[in-house]
Amino acid sequence: MPTAAQWIEGARPRTLPNAIAPVLAGTGAAAAIDGAVWWKALLALGVSISLIIGVNYANDYSDGIRGTDDERVGPLRLVGSGLASPAAVRGAAVASLTLGAVLGLILAVLSAWWLILIGAVCLAGAWFYTGGNKPYGYRGFGEIAVFVFFGLVAVLGTEFVQAGRVDWAGLALAIGVGSFSSAVLVANNLRDIPTDTESGKTTLAVKLGDTRTRTLHLALMAAPFLMTLILLVRTPWALAGLLAVPLAVRANAPVRADRGGMELIPALRDSGLAMLAWSALTAVALWLGG
């Protein structure tokens, strides 16, 4: 059986910014229209963290039983390494997703019943990313799903459950967070192009090839700062988001330098840190200028 530390590593804590940033951004958008509710924000954070951990364990399980992780270059995978049985990792995935569903149900009951339908779609998206007979993550749709679920849905959902509505500034934040979140996956899949190609996992990076995938990462890292300029229409405080530019430049550096394999790990980490910084800075800016 894996140790507690190995279970934590298997949950992929480096991806937690993808769960935290949308809630920061959505809460900032809600605060800007005088709708922030701290305990609903905490519930939304619980949903987001539970779902991303569930996705990570589900991905570990599905890739592990397919043999995709047998020759991977990167952080620990529980099933692929043989440390945990597929049943145990699947159970961890189900437990995490169930917790997210329960917290989401509470938010839906307190906000709007139709959010239950959105939640069901999110759960299906989490499982069928690499699960099922035709996982969409194996067909090049992973980045789109991340943009939708951890960008548009997570940010606008967080704003809605607190303020009871969404606005264009929230959408700009959702696009920015979704772009950063997709960039994290792009960096991950860039690293895995050789092993994914060999195992038959056709990610977007495999389809685009090395050079165009690196260009895509740069474009996704730049997109949030375009949103910063758009948000200047709401408040000049939005310029604070530009303070995250150095982190974004650092995140893209290994990608620009044609690094591969383990040398791309800093790109994943720093893309997530840039996302957190931009989301926090922009959220506070909107709150101050609201």
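Data block above holds the structure.
Everything numeric here is computed off the predicted structure, so don't read it as measured data.

Cut-offs used in this document
- Residues numbered from 1 in each chain as written.
- Predicted model: local features only at pLDDT ≥ 70, side-chain atom pairs only at ≥ 80, totals over all residues.
- Heavy atoms only, no water.
- Salt bridge = Lys/Arg side-chain N within 4 Å of Asp/Glu carboxyl O.
- Helix = DSSP H or I, 4+ residues; strand = E, 2+ residues; numbered from the N terminus.
- Buried < 20%, exposed > 50% of the residue type's maximum accessible area, 1.4 Å probe, protein only.
- Phe/Tyr/Trp six-rings, centres within 6.5 Å; stacked < 30°, edge-to-face > 60°.
- Core = buried A, V, L, I, M, F, W, Y, C linked by side-chain atoms within 4.5 Å.
- Contact = heavy atoms within 4.5 Å.

Glancing now at the pattern of salt bridges. As a working rule, side chains carrying opposite charge can pair if their charged atoms are close by. This structure, assessed with the given rule, holds seven salt bridges. A salt bridge links K201 to D63; its shortest N-O distance comes to 3.2 Å. Here K201 is found in the loop between α9 (193-199) and α10 (204-208), whereas its partner D63 is found in helix α3 (residues 38-66), with 138 residues between them in sequence. Both residues of the pair, K201 and D63, belong to the buried class. Across the pair D270 and R250 runs a salt bridge, and its minimum N-O distance is 3.2 Å. In this pair, D270 sits in helix α13 (residues 265-289) while R250 sits in helix α12 (residues 245-256), placing the two residues 20 residues apart along the sequence. Note on R250: relative accessible area 43%, which makes it partly exposed. Counted as one network, the salt bridges with shared partners bring together D210, R214 and D258.

All right, on to the packing of aromatic side chains then. Applying the stated criterion across every chain, the model contains six aromatic pairs. The interplanar angle of 75° and the centroid separation of 5.7 Å between the aromatic rings of W7 and Y57 together place this pair among those described as edge-to-face. Taken together, the residues span a long stretch of sequence, with W7 in helix α1 (residues 4-10) and Y57 in helix α3 at a distance of 50 residues. On the accessibility criterion, W7 (19% relative accessible area) is buried.

Ranked by internal contacts, the top residues of the largest apolar core, which has 29 residues, are L173, V177, F180, M221, L231 and W278. Listing elements by their share of this core, those giving two or more residues are α2 (17-32), α7 (142-163), α8 (168-191), α11 (210-231), α12 and α13. Contact partners of L173, with chain neighbours within four places excluded, come to A25, A29, V155, L231, W278, T282 and L286. Core analysis: the second largest hydrophobic core is formed by 21 residues, V55, F160, V161 and L185 among them.

Bear in mind that shape data such as this cannot, by itself, settle questions of function.
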